[in-house]
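# A look at the structure
The primary structure of each chain is shown beneath.
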Amino acid sequence: MKKNAAEFETGNDDVFGRIASRYDVLCDLFSLGIHRLWKRKVALLISQEPWNELLDSASGTGDIVLKILNNKQLSDEHQIVASDICPNMLSLAREKLKEFKRHIEFELLDAHDMSSVESSSVDVYSMSLGLKICNREKAIAEAYRVLRPGGRLITLEASNIKFDWLHRAYLAYMSLCMPLIGWIATGGDGSAYKYLLQGVKDFPNAEGLRTEMENAGFHDVTFERMSLGIVAIHVARKPLE
Ligand SMILES: C[S@@+](CC[C@H](N)C(=O)[O-])C[C@H]1O[C@@H](n2cnc3c(N)ncnc32)[C@H](O)[C@@H]1O
């Protein structure tokens with residue numbers, strides 16, 4: 001099993017640093033705006049959980065956190081960590097979320113090794129559209145470590161359309177359009193989309209990701225396919241000891 005579907009190494013190529021300022025527009029272009037629905041659903045699920053400490057990993061420009069803050073009235077007990085490995089992404093998130101800054105800490109964290117985050121300290125750990133560019137085994141194990149017993153892991157990630165022929169057609173469309181739009185929109189730097197496309201192609205299906213979460217120790221792993229299965233949202237619980 002390839003542990004990093006996109007075959008991506010942040011240390012070798014600061015792709016997200018290069019595209020950070022165009023990332024939000026590119027998301028709209030590639031998904032025809034549908035990523036907003038997916039993220040709204042993730043934010044709703046997170047808002048419905050009881051939590052005081054939320055860690056949003058691979059936050060990018062902070063979309064998920066912003067949508068949560070639009071849903072949920074926070075009190076002084078609520079603390080959110082918006083984290084990413086890429087400083088450019090994190091500074092855009094800081095700007096986007098500045099009116100909520102008393103509730104948010106921005107931290108440069110590698111999802112594979114978050115040693116500055118205490119074990120069993122987080123109520124909800126979320127990651128949206130980041131797992132495909134991470135070593136899943138390591139990232140899921142870190143999520144498990146930092147979550148308190150009973151805490152929830154909530155992920156949004158590429159998945160598989162259930163009808164094989166449609167999935168193949170979707171991948172063919174993505175293979176043609178993603179590099180082209182990416183190349184045009186970035187003024188000749190389509191490299192991010194090479195990784196993302198690879199990540200979409202090689203990511204496990206929703207059942208496969210559920211098994212990986214269960215193998216990491218999570219219980220009650222459920223998933224919901226969205227947009228016919230282009231993406232899936234997984235929710236998993238760290239068992240009470
Ligand atoms: C496709 S973007 C998703 C951003 C955001 N969560 C969203 O839904 O729009 C992936 C993000 O993962 C970050 N990233 C990549 N590798 C990472 C790692 N090892 N640890 C933390 N963040 C990482 C990138 O810098 C980028 O901001």
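Look a little higher up for the structure.
Now for a description of the structure that goes with this document.

Once that is clear, we can look at the nonpolar core. Nonpolar side chains in soluble globular proteins tend to end up buried together. Among the nonpolar cores identified, the biggest contains 50 residues, and Phe16, Ile46, Trp51, Leu69, Ile80 and Ile104 are the most heavily contacted of them. The element best represented in this core is helix H8 (residues 191–202), accounting for five residues. Setting aside chain neighbours within four positions, we find Ile104 in contact with Val65, Leu69, Gln79, Ile80, Ala82 and Leu97. One finds Val122, Leu131, Ile140 and Leu153 within the second-largest nonpolar core, a separate group that totals 23 residues.

It is generally the case that most residues other than glycine have a negative phi and that most peptide bonds are trans. Positive phi is not limited to glycine here, since Leu32 has a value of about 55 degrees. The residue Leu32 is located in the loop between helix H2 (23–31) and helix H3 (35–48) in this model. Leu32 gets classed as exposed once you look at its relative accessible area, which sits at 67%. Phi is positive for Leu228, close to 70 degrees, though the residue is something other than glycine. As for its placement among the helices and strands, Leu228 is situated in the loop between strand E6 (219–226) and strand E7 (231–237). Leu228 sits in the exposed class, given a relative accessible area of 55%.

In the neighbourhood of the ligand, 19 residues make up the surrounding shell, with Lys39, Ala58, Asp84, Ala111 and Ser128 lying closest. Within the side chain of Lys39, a nitrogen or oxygen atom sits 2.8 Å from an oxygen atom of the ligand. One of the side-chain nitrogen or oxygen atoms of Ser128 is found 2.5 Å away from an oxygen atom of the ligand. Tallied by class, residues from the shell around the ligand come to eleven nonpolar, five polar and three charged.

Our focus in this paragraph is the pattern of salt bridges. On inspection of all chains with the given rule, the structure shows 15 salt bridges. Salt-bridge contacts for Arg237 lead to Asp220; the nearest nitrogen and oxygen are separated by 2.6 Å. Here the residue Arg237 occupies a position in strand E7, and Asp220 occupies one in strand E6, the gap between them amounting to 17 residues. Here the residues in one salt-bridge network are Asp24, Lys39, Asp63 and Lys96, joined through shared partners.

Within the secondary structure, Val42 sits in helix H3. Residue classification places Val42 among the buried positions, given a relative accessible area of 2%. With 158 residues separating them along the chain, Val42 and Val200 place their C-alpha atoms 19 Å apart. Excluding residues that lie within four positions of it along the chain, Val42 makes contacts with Ile64, Ile154, Leu156 and Ile233.

Rules of the game
- Residues numbered from 1 in each chain as written.
- Predicted model: local features only at pLDDT ≥ 70, side-chain atom pairs only at ≥ 80, totals over all residues.
- Heavy atoms only, no water.
- Core = buried A, V, L, I, M, F, W, Y, C linked by side-chain atoms within 4.5 Å.
- Buried < 20%, exposed > 50% of the residue type's maximum accessible area, 1.4 Å probe, protein only.
- Helix = DSSP H or I, 4+ residues; strand = E, 2+ residues; numbered from the N terminus.
- Contact = heavy atoms within 4.5 Å.
- Near = heavy atom within 4 Å.
- Polar contact = N/O pair within 3.5 Å; in protein donor to acceptor, adjacent residues only side chain to side chain.
- Nonpolar A, V, L, I, M, F, W, Y, C, P; charged D, E, K, R; others polar.
- Salt bridge = Lys/Arg side-chain N within 4 Å of Asp/Glu carboxyl O.

Treat this as a map of the structure, not an account of what it does.
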